[in-house]
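Chain residues, written in single-letter form:
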Amino acid sequence: MRWDFIIEIFPKLLRASVLTLELTIAGISIGIVIGLIASLMRISGIKLFSVIAKIYVDFFRGTPLLVQIAIIHYALPVIFDYVPVAIVSGVIALGINSGAYVAEIFRAGIQSIDKGQMEAARSLGMTWGQAMRYIILPQAFKVSIPPLGNEFIALLKDSSLVSIIAVEELMTTGRLIMGKTPLVAEIWFSVAMLYLVMTSTIAVLVNYVERRLQIGDSSQKSA
Amino acid sequence: MIVVRNLHKKFGNLEVLKGINCHVKEKEVVCIIGPSGSGKSTFLRCLNRLEEPTSGEIIIDNIPVTGDKANVNLIRQEVGMVFQRFNLFPHLTALENIMLAPMKVRKKSRKEAKEIAEELLAKIGLTDKKDAYPEQLSGGQQQRVAIARALAMKPKVMLFDEPTSSLDPEVVGEVLNVMKTLAKEGMTMIVVTHEMGFAREVGDRVIFMDDGCFLEEGTPDEIFNNPKYERTRAFLSKIL
Ligand SMILES: Nc1ncnc2c1ncn2[C@@H]1O[C@H](COP(=O)(O)OP(=O)(O)OP(=O)(O)O)[C@@H](O)[C@H]1O
Ligand SMILES: [Mg+2]
């Protein structure tokens, strides 16, 4: 191992890691918004909405993210005739892709809440929307935190795929450095370590949030 | 106060309510008894449209409950319901459980809602538990909070679906006492219960429900001591 080389490329890799993190956070944020909407559409009981949501979820979970990135960055610009920006395409792809997974996480979370909760809320005169907002979603969100954490970690790793459209995140940066030096092992072990540090940090944070939310009330059931 | 005409309810091919007719006067306390599966819960749940009646007519306080024009959320504000399994909101404290609907549905200010909630907590004897979460309360305490939560909407009618049957025997009394007070204050109540003591003490009328029909009804004394039907007698002999 050439430690001096690792130290030399480290600042560059660190900056790239920040971009990786930013891409992932932007992606998961979009994913949570889309996922929430899709999960509500899915369980709304309105046929058209639930079919649209199901098609969306099935498409993005059933095709490779790499292909989705290619569609968003190469295919759509041809169809709609615009000039794509790599980082924007990357964030959109990650967001829409994680939205499909988050939708399923929220749906499972919502369905895990005792149906007596909805009935109690409705029996008090709340509308479906009020019951969702004040009663069901706060509880469902809490149940969803561990799987959301896993999705965050999975997305962080998957964000390396946007390197095919040359977004200069951690993976791309590793490849660019590789083009200029024979010290390949140093690069890729460093890149791997940085991914590992990021994923473990997220895991610890999620764990902490989860435990914090359990203080005061830990039960999901009502009786 | 409550008028039910020829109410039918089917789940697929299963006919659970077979043409129910019923009048409940203001301030009347009606107890419904009957074997498991006879449709008692379904009947109550039709009254606030938690179940969709298949046919028939329901009118509560001159507001139509059935029909396309019925404003379901409006009716539910006038009809409080207490469930066998409490269904308190586990992420909210006792106080917040009671405050939520007055704030969101009745559009009361936080201050007003808090006053209503604190008054009700005092009434059910749980002022010291106002900041407790449901899981920190005993079953009896949870059910009392659930009653207070329904009362906070100032309903005209209260429906109780076996409110004490998932409670330990030693806390049944505290819940029944709250219900008795309510009855004495003149609340119109329909109570599905097998607590005969309660039915005798505060019930104006007892209805025996069997296989989707109101088979027999009368004063508690008539039903418990002099049932006309063999089915009623057989049922009573099992539970008394
Ligand atoms: N959502 C539903 N779908 C299908 N069948 C149902 C549904 N709800 C109730 N039933 C059926 O309707 C019948 C009456 O049920 P209901 O709960 O009203 O009885 P009950 O008199 O309240 O009984 P219990 O004393 O056990 O509470 C039962 O046979 C039950 O299986
Ligand atoms: Mg029942």
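Residues numbered from 1 in each chain as written. Chains lettered and ligands numbered in written order. Predicted model: local features only at pLDDT ≥ 70, side-chain atom pairs only at ≥ 80, totals over all residues. Heavy atoms only, no water.

Undergrad: So what exactly am I meant to see when it comes to the overall build of chain B here?
TA: What chain B contains, in helices and strands, is nine helices and 10 strands. Against the 2.2 N^0.38 benchmark of 18 Å for 240 residues, chain B shows a C-alpha radius of gyration of 18 Å, consistent with a compact globule. Counting the 240 residues in chain B, one finds 58% classified as buried. Pairs at least 24 residues apart make up 64% of the contacts formed inside chain B by residues separated by at least 6 positions. By element, 46% of the accessible surface of chain B is carried by carbon and sulfur atoms, the whole surface being about 10,400 Å². Where the 34 positive side-chain charges of chain B centre and where its 33 negative ones centre are 4 Å apart. (Helix = DSSP H or I, 4+ residues; strand = E, 2+ residues; numbered from the N terminus. Rg over C-alpha atoms; globule rule 2.2 N^0.38 Å. Buried < 20%, exposed > 50% of the residue type's maximum accessible area, 1.4 Å probe, protein only. Contact = heavy atoms within 4.5 Å. Areas by Shrake-Rupley, 256 points an atom, 1.4 Å probe, with all protein chains shown as cover. Lys, Arg positive; Asp, Glu negative; His and termini not counted. Charge placed at Lys NZ, Arg CZ, Asp CG, Glu CD.)

Undergrad: Whenever I open this one, the nonpolar core confuses me. Can you help?
TA: Nonpolar side chains in soluble globular proteins tend to be buried together. All names here are of chain B. With 51 residues, the main nonpolar core has Ile33, Ile147, Met158, Phe160, Met179 and Met189 as its most contacted residues. Tallying contributions element by element places helix H6 (residues 169–184) first for this core, with eight residues. Beyond its immediate chain neighbours, meaning those up to four positions away, Ile147 contacts Val82, Met158, Phe160, Val175, Val178, Met179 and Leu182. Listed in part, the 49 residues of the second largest apolar core include Leu7, Val65, Ala101 and Val192. (Core = buried A, V, L, I, M, F, W, Y, C linked by side-chain atoms within 4.5 Å.)

Undergrad: Is there a simple way to think about the site of ligand 1 in this case?
TA: Residues and elements named next belong to chain B. Ligand 1 sits among Phe11, Leu14, Val16, Pro35, Ser36, Gly37, Ser38, Gly39, Lys40, Ser41, Thr42 and Glu162. A distance of 3.0 Å is found between an oxygen atom of ligand 1 and a backbone nitrogen or oxygen belonging to Gly39. Within the side chain of Thr42, a nitrogen or oxygen atom sits 2.5 Å from an oxygen atom of ligand 1. For ligand 1, whose free accessible area comes to 640 Å², the fraction covered by protein is 59%. Breaking the shell around ligand 1 down by element, the ones donating at least two residues are strand S2 (14–24) and helix H1 (40–47). The element best represented in the shell around ligand 1 is H1, accounting for three residues. A breakdown of the residues in the shell around ligand 1 according to their chemical character gives four nonpolar, six polar and two charged. (Near = heavy atom within 4 Å. Polar contact = N/O pair within 3.5 Å; in protein donor to acceptor, adjacent residues only side chain to side chain. Nonpolar A, V, L, I, M, F, W, Y, C, P; charged D, E, K, R; others polar.)

Undergrad: How should the packing of helix H1 (residues 3–43) of chain A against helix H8 (residues 184–214) of chain A be read in this particular structure?
TA: Axis angle and axis distance: for two packed helices, these are the angle between their axes and the distance between the axes, and together they describe the pair. Residue and element names in this part refer to chain A. With their axes 10 Å apart at the nearest point, H1 and H8 run at an angle of 40 degrees to one another. Between H1 and H8, the crossing angle belongs to the class labelled oblique. Between H1 and H8 lies a crossing whose hand is right-handed. Residue-level inspection shows Phe5, Ile6, Ile9, Phe10, Leu13, Leu14, Ser17, Thr20 and Leu21 of H1 in contact with H8, the latter providing Glu186, Ile187, Ser190, Val191, Leu194, Tyr195 and Met198. Residues belonging to the contact of H1 with H8 are distributed by class as follows: 12 nonpolar, three polar and one charged. (Axes fitted to C-alpha atoms, helices over the stretch in contact; angles between N-to-C directions. Parallel < 35°, antiparallel > 145°, perpendicular 65-115°, else oblique. Left-handed = near helix turned anticlockwise from the far one by under 90°.)

Undergrad: Got a minute to help me understand the state of the cysteines in this structure?
TA: Chemically, a disulfide is nothing more than a covalent bond linking the sulfur atoms of two cysteines. Residue and element names in this part refer to chain B. Scanning all chains against the criterion turns up zero disulfides over all chains. No disulfide involves Cys213; its sulfur sits 13 Å from the nearest other cysteine sulfur, which is in Cys22. A relative accessible area of 28% places Cys213 in the partly exposed class. (Disulfide = S-S within 2.5 Å.)

Undergrad: Can you walk me through the sheet that holds strand S4 (residues 55–60) of chain B in this structure?
TA: Strand pairing in a sheet is mediated by backbone hydrogen bonds. Such pairs are either parallel or antiparallel. Residues and elements named next belong to chain B. Pairing is antiparallel in the open sheet, where four strands are placed in the order S2-S1-S4-S5. Edge positions in the sheet fall to S2 and strand S5 (63–64), since each has one partner strand and no second. With five bridges connecting them, strand S1 (residues 2–11) and S4 associate as antiparallel partners. Each residue of the ladder has a partner; that of His8, found in S4, is Ser55. Sheet contacts for H1: S1, S2 and S4; angle to S1, the most-contacted strand, approximately 120 degrees. (Pairing = 2+ DSSP bridges.)

Undergrad: Before we go on, may I ask you to explain the environment of Val206(B) in this structure?
TA: Residue and element names in this part refer to chain B. Take Val206: it is sitting in strand S9 (residues 205–210). Placed 14 residues apart in sequence, Val206 and Val192 show a C-alpha to C-alpha distance of 9.7 Å. Those residues in contact with Val206, other than ones at most four positions away along the chain, are Cys31, Ile33, Ala199, Glu216, Glu217, Gly218, Pro220, Ile223 and Phe224.

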